[in-house]
Amino acid sequence: MSENIRVVVTGVSGRMGQMIVSGVLSSKKTRLVGALEREGHEWIGKDLGLVSGLKSLGVEVSDDPASVFKNADAIIDFSAPKASVEFSKLAAECGIVHVIGTTGFNDQDLALIENSGKKAKIIRAGNMSLGVNLLVQLTKKVAANLDNDFDIEIIETHHNKKVDAPSGTALMLGNAAADGRQISLSNVRDSGRDGITGARNKGDIGFVSIRGGDVVGEHDVLFAAAGERITLRHVATDRAIFVRGALKAVEWGIRQEPGEYSMKDVLDL
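Keep in mind that this is a model prediction, so the values were computed, not measured.

Criteria and thresholds
Residues numbered from 1 in each chain as written. Predicted model: local features only at pLDDT ≥ 70, side-chain atom pairs only at ≥ 80, totals over all residues. Heavy atoms only, no water. Pairing = 2+ DSSP bridges. Helix = DSSP H or I, 4+ residues; strand = E, 2+ residues; numbered from the N terminus. Contact = heavy atoms within 4.5 Å. Axes fitted to C-alpha atoms, helices over the stretch in contact; angles between N-to-C directions. Buried < 20%, exposed > 50% of the residue type's maximum accessible area, 1.4 Å probe, protein only. Polar contact = N/O pair within 3.5 Å; in protein donor to acceptor, adjacent residues only side chain to side chain. Parallel < 35°, antiparallel > 145°, perpendicular 65-115°, else oblique. Left-handed = near helix turned anticlockwise from the far one by under 90°. Nonpolar A, V, L, I, M, F, W, Y, C, P; charged D, E, K, R; others polar. Salt bridge = Lys/Arg side-chain N within 4 Å of Asp/Glu carboxyl O.

A. Structural detail: the sheet that holds strand 1 (residues 5-10). Taken in spatial order, the 7 strands make up an open sheet running 3-2-1-4-5-6-12, and their pairing is parallel. Of all strands in the sheet, those bounded by a partner on one side alone are strand 3 (61-62) and strand 12 (259-261). Looking at chain direction, strand 1 and strand 4 (residues 74-77) are connected through 3 bridges and run parallel. Paired with Val7 across the strands is Ala74, a residue of strand 4. Lying over the sheet, helix 1 (residues 15-26) contacts strand 1, strand 2 (30-36) and strand 4, oriented at roughly 170° with respect to strand 1. Contacting strand 5 (97-100), strand 6 (121-124) and strand 12, helix 5 (residues 107-116) runs over the sheet at an angle of about 145° to strand 6.

B. Molecular detail of the side chain of Ser62. Within the secondary structure layout, Ser62 lies in strand 3. Of the residues examined, Ser62 reaches a relative accessible area of 14% and is grouped as buried. One polar contact links the side chain of Ser62 to the main-chain amide nitrogen of Asp64, over a distance of 2.9 Å. Residues contacting Ser62, with those up to four places away along its chain left out, are Ala35, Leu36, Glu37, Ile44 and Val68.

C. Expanded view of the side chain of His234. Here His234 shows up in strand 11 (residues 228-236). Residue His234 is classed as buried on the basis of its relative accessible area, which comes to 13%. Residues within four places of His234 in sequence aside, it is in contact with Ser129, Gly131, Val132, Leu135, Gly217, Glu218, His219 and Ile241.

D. Looking closely at the pairing of strand 7 (residues 151-158). Among the 8 residues in strand 7, 6 count as buried, and that is most of the element. The pairing of strand 7 with strand 10 (residues 217-225) spans 7 bridges and is antiparallel. Counted as the bridge partner of Glu153 is Leu222 from strand 10. Of the strand pairs in this sheet, strand 7 and strand 9 (residues 205-211) are connected by 7 bridges, and their pairing is parallel. Within the sheet, the bridge partner assigned to Ile154 lies in strand 9 and is Phe207.

E. Structural view of the packing of helix 6 (residues 130-145) against helix 7 (residues 168-180). With their axes 7 Å apart at the nearest point, helix 6 and helix 7 run at an angle of 30° to one another. Taken as axis vectors, helix 6 and helix 7 run roughly parallel relative to one another. Handedness of the helix 6/helix 7 crossing: right-handed. Contact residues: Val132, Asn133, Leu135, Val136, Thr139, Lys140, Ala143 and Ala144 in helix 6; Thr169, Met172, Leu173, Ala176, Ala177, Asp179 and Gly180 in helix 7. Here the residues of the contact of helix 6 with helix 7 sort into 9 nonpolar, 4 polar and 2 charged.

F. A look at the environment of Leu135. By the element assignment, Leu135 lies in helix 6. Residue class for Leu135 comes out buried when judged on its relative accessible area of 5%. Between the C-alpha atom of Leu135 and that of His219, which follows or precedes it by 84 residues, the distance is 9.4 Å.

G. Highlighting the pattern of salt bridges. Throughout the structure, instances matching the rule amount to 14 salt bridges. For Asp151, the salt bridge identified is with Arg200, shortest N-O distance 3.3 Å. Linking Asp151 in strand 7 with Arg200 in the loop between strand 8 (189-190) and strand 9, this pair joins segments that are 49 residues apart in sequence. Here Asp151 falls in the partly exposed class, since its relative accessible area comes to 26%.

If you want it as structure tokens, here you go:
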């Protein structure tokens, strides 16, 4: 491995992709060696720096991940579920680190990623920020100490371009609450209220998704009982927090054995 960690960034034309590229370039521990975009994108074959409005970086935007991954130590990937699953397979073939910030996976996707973790070093999280991962641990602890007289509702707000709901972070929080109560989220999840739904089922964990404007991310975990409420909250105002977490995950992952990890492992929470 070279002196600096050789990193490939996926979805480099997007908002998060551009911020991750900037973070990789700014870090003294990483070196950008590859840039990926979807097939047919207008940036393919062009210098990433020039199409991004920067000086030439000597890194050509590619739509061929297999060839790019061969020269990398790690991939930072905030793309789409289908793409991330394929990237995980290629990461396994190369035995490198795959940091996944993508959300919206189904159970089959997650099973395929878990399988890739037998050879790749996969770090997957619905949210890369330290604050959110602390909130996850707090949610689990509070849920473990409150009985079913406290209803649990998770309210998340994001910008109007977000395509999945509930957010990956909201599902992290829901799973944490379920773990605290030693139950499976799939058995108590309620995220489809509309019309005459009847009274709330005792013990359910509810989800509410709000979309509007340019909100980076807001998450509330509400514990509500007769006469009292407890609210745990995290507000993100700058996507840079996710970039910092992703870079920390890369640096941590390089030292690990193949497997599937989370930000809880990276942050030793």
